[in-house]
Structures are given as C-alpha cells and as structure tokens.
Amino acid sequence: MPALTLSETRRRIAQGESCESIAEKAVAAAEKSTHGAFVSVNRDKALETARGIDLRIKAGEQPGILAGIPVAIKDNLCTKGTATTCGSRILEHFVPPYSATVVERLESQGAVIIGKTAMDEFAMGSTSETNAFGVVRNPVDPTRVPGGSSGGSAVCVAEGVVPVSLGSDTGGSIRQPASFCGVVGFKPTYGRVSRYGLVAYASSLDQIGPFSRTVEDSALLMNIISGHDERDNTSSMHDVPDYTSGLDDGVKGVRVGIPAEYWGEGLESGVRASLDESVKALEAAGAKIVPVRLPSTRYAISAYYIIALAEASSNLSRFDGVRYTGRAKDPKSLLDMYSRTRSELFGEEVKRRILIGTFVLSAGYYDAYYAKAQRVREVIRREFEHAFAQCDVLATPTAPTTAWKLGEKMDDPLAMYLSDIDTIAVNLAGLPGLVVPVKPSAGLPVGLQLVGPAFSESLLFKTGRAVELQGAP
Ligand code: GLN
C-alpha cells in the first residue's frame, strides 16, 4: 500500500473511497508487518468502526476531522475494552475499563484505531528492545533498532501502515525513534496534552504526542489532542490555536540558536554533516543563526536518571499482584505474592530502575541525589530561558548517532542512557521539541530537533515546515 499522509487519506475519503476499504488496507498491512510494530491489531473493531463512519457519511453527517483515518496507539495509552500491556508481562491481560483522553479525542473526530504499538516495557528504554512481546525492527535496516521507547509507533508510520500514531515522551521517546525511523515526531510542552489514561512512567516529565509523515499532519493532530482536561490537573488552560495556520509563513527573521554543547564531541560526523546542511538551508531561507550556550547540559543525564527513576519507583508500586491482573502463580503468602509477582513479571530493566529509584529516595540519600537533581533541573530550565532571550528556537541533533544494531547496547545500560543526551534536558525543562527528517547519513535516517519556549508549538511547526521544504527524504 502506498504510504499516504493524513491529508491525502482525508482527500481520498472526501472523493468517495470508503473508510472500510482504507481500514481494511491498514489492518492487512499491520498484520503483515515484519518489523514488529504492533502488540495487537484489532481487525474486527477497526472495520466495524470504519463501517459506522461510512454510514454516517452516507447519511450526510460529518463524523469529524479524522473521519475514517486509521491510527495506531502506543500500548501505554488506555483503550477501553482493548488490552493495554505497556510491553510488560505484568499487564499482559489488563483490559482498561476506560480510554485515555487523547484516545477519546481522536475517536470523537472519527479516527479508526487499528492497533496498539510495541514499546519498551513501561516506556523505559531507547530501543524498544525491553518490550516483553517481541523484537521491533528498524524498517530502513531490519538489523537495527527502531529507537524507543515508542518504537512501534514510529515504525508503523515509517512503514506506511497508518499516516499518524501516538507515542509518549518522558526523555526522548517520541523524538529519538522519529529520528531513527525517518518520520516527524513531536513532544508538546509539558501540560499541553492531557495524560489522563497514560500509564505513568515519570509524571513530572511525561507528555503524549504524535508521529506523522509531515509536519502539517502532526500540527493537525495537535489541534485535536491539545487543551485542558479536568481529569488531568497538570493539563494547561493555555488557549489552543490552530496549529496548521501560518505553516507556510517561512522563517524570515526567525533566530535559530545553535547550542555548542549539543554539537560537540560525540556527534557522529555523518549525522553532523546532514544536520549542518539543514541549518544552512534554514539560513538561506531567511533565518538568522545565533550561537548560544547551555553549559549544564552535561549534568542532564544524571539529573534525569535520578528524577525519572525516583518517580517511576513510586508510580510502579501500584503493580502489586492485587490490581491490574498480573500475578505470580501459587503464592504461599501475601508477602510471597507481592514479591514473586514483581520479581517474576517485571523485566530486568524495569527492576533495575525501581531499585535505583527507591535507593535515591531513601532516607539519608534523598538530599545527596534526589534533592540535588531537582536543583540541577532548575539550573537547566533557567539556562534554556536565558538562551531564549537570544533566539526564538534552538536547533540540535536528536541523537548523536543513527540507529545502532539490535542488541548492541543491551548489556551496557550506561551506554544506553548516555545516548539520550540530546533529548532529556528538553523534558527536564518541560519544553516542546519537534523532530523533522533531514538527509540520511550512510542510508540511515537523521532528524533535526527544534526546541522552543513553553507553548511555542506554532513557531516550531512553522520552522519544521521550512526544514521539510528543503526537500529532505
Ligand atoms: N530513554 C529514556 C528512558 O529510558 C526516555 C524514555 C521515554 O521518553 N519514555 O528513560
């Protein structure tokens, strides 16, 4: 099936192609996918929904902006009546009794959910390899990782199974797989999108956002999922503008900051060459390039992996064998049930993180680790603020390298954590980040990351559109 964008799919439906035939093609492609993008494909429900939308269109109704559009949802977003596993055996049979707000919003605009996508267990990882239900492969080179943790959501868009999908981003989980798979990925400002129904990893960092083939499609999806939700008290009251308006205004006069710390040592030369080229093209299109400094970037990984793991150790304490279905067999006592459920059904990486998170919060270590990390976080936030006094958006790599080989970093957690260097400070500061594919390096996708001040999503989309117009892949 040709890879369609959201706008093209809408046009086809407007011209009379049935939503059922579009859903059928998407479901068939998902079932045939050899890259492991899906944890589950819901053929019957998808086709039934699509038929319902066809009937409404025939009756002269307008079922919504996404009428008949096939979408895929990361498996840590609750979908009523459909299993939501978070890539974990502890939630293998968990069927939520309600849907996440973002899922409700997509469905209320006529979207057809065709399946749930594979991810690192509880969104902890950068490769999707900690998923308990199988390998996820990079569609450009199946011997390589797709990135993570929202690997499946990036892969199904790159494969052309669906034009758009949803992921979550705590430290880069939308942006890095978008970069590795050659699609657009957007992490909104903290609070822009309701997280009600997202299984929490690190609540002060988590955001939900779209994957798409074009910047315009991500902007359109953001129009639908953004905005206040009384069920998530961290969701912002900020107005939601039309993110698709002014997309083609160009970047004349936009000040693009280049933070030296992101462009230094460790950046692969091929990746640097592609990114340099795209920044030069922005300059040629009228943007003004300004060097800026973010000196505390080097502390971001340590601060992030203390804060995120501390929050995770608390959030994951709810999976105790009593609630949410997963339970060890034949427990001898209540204590045995708790401890065996958690030892047997959580994967190695999740257990490592719960242990570290519990340690950094424990009496005697709290000030040395957790409280200190929070202070570093504040310094990082202020440095971004300072940078945005000198520029409008920042342009950086999304990751220092292209996608690496499957298995390459699995025995070296530290190397895995270090690869997140370009994305995590953005979460610590709660900022929006957009990744747009640029020229591949040695045949592998590369994405330019654009970061803006809080609630500057419109400016990011406009700048991203200018990057896209450079004629990259
Ligand atoms: N790789 C990072 C981590 O493992 C980010 C994951 C994410 O954004 N969910 O924590």
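Residues numbered from 1 in each chain as written. Predicted model: local features only at pLDDT ≥ 70, side-chain atom pairs only at ≥ 80, totals over all residues. Heavy atoms only, no water.

**Q** Teacher, can you tell me more about the site of the ligand here?
**A** Contacts to the ligand come from 15 residues, most closely from Thr 170, Gly 171, Ser 173, Tyr 201 and Tyr 304. At 3.0 Å from an oxygen atom of the ligand is found a main-chain nitrogen or oxygen belonging to Gly 125. The contact in question runs from an oxygen atom of the ligand to an N or O atom on the side chain of Ser 173, over 2.6 Å. For the ligand, whose accessible area on its own is 290 Å², the fraction buried by protein is 100%. For the shell around the ligand, the residue count by class is 5 nonpolar, 7 polar and 3 charged. (Near = heavy atom within 4 Å. Polar contact = N/O pair within 3.5 Å; in protein donor to acceptor, adjacent residues only side chain to side chain. Areas by Shrake-Rupley, 256 points an atom, 1.4 Å probe, with all protein chains shown as cover. Nonpolar A, V, L, I, M, F, W, Y, C, P; charged D, E, K, R; others polar.)

**Q** Quick question: what am I supposed to make of a nonpolar patch on the surface here?
**A** A cluster of nonpolar side chains, namely Val 322, Leu 334, Leu 335 and Tyr 338, defines an oily patch on the protein surface of about 410 Å² accessible area. Assignment of secondary structure puts Tyr 338 in helix 10 (residues 334-345). (Patch = residues over 30% accessible without salt bridge, like charges linked within 9 Å, V, L, I, M, F, W, Y side chains within 5 Å. Salt bridge = Lys/Arg side-chain N within 4 Å of Asp/Glu carboxyl O. Helix = DSSP H or I, 4+ residues; strand = E, 2+ residues; numbered from the N terminus.)

**Q** Sorry if this is basic, but what is going on with the packing of aromatic side chains here?
**A** Within a pair of aromatic rings, the relevant descriptors are the distance that separates the centres and the angle that separates the planes. Evaluation of the coordinates by the stated rule reveals 15 aromatic pairs. Ring geometry for Phe 180 versus Trp 404: centroids 5.3 Å apart, planes at 85°, classification edge-to-face. Of this pair, Phe 180 sits in helix 6 (residues 175-181) while Trp 404 sits in the loop between strand 9 (393-397) and helix 13 (413-418), and the two are 224 residues apart along the sequence. Members of the aromatic cluster, connected to one another through ring pairs, are Phe 94, Phe 122, Phe 319, Tyr 324 and Phe 346. (Phe/Tyr/Trp six-rings, centres within 6.5 Å; stacked < 30°, edge-to-face > 60°.)

**Q** Before we go on, may I ask you to explain the packing of helix 4 (residues 101-108) against helix 7 (residues 215-225) in this structure?
**A** A pair of packed helices is captured by two measures, namely the crossing angle of their axes and the spacing between those axes. Interhelical geometry of helix 4 versus helix 7 gives an angle of 110° and a closest axis separation of 9 Å. Relative to helix 7, helix 4 is oriented roughly perpendicular. For the pair helix 4 and helix 7, contact is made by Val 102, Arg 105 and Leu 106 and by Leu 221, Ile 224 and Ile 225, respectively. For the contact of helix 4 with helix 7, the per-class residue count stands at 5 nonpolar, no polar and 1 charged. (Axes fitted to C-alpha atoms, helices over the stretch in contact; angles between N-to-C directions. Parallel < 35°, antiparallel > 145°, perpendicular 65-115°, else oblique. Contact = heavy atoms within 4.5 Å.)

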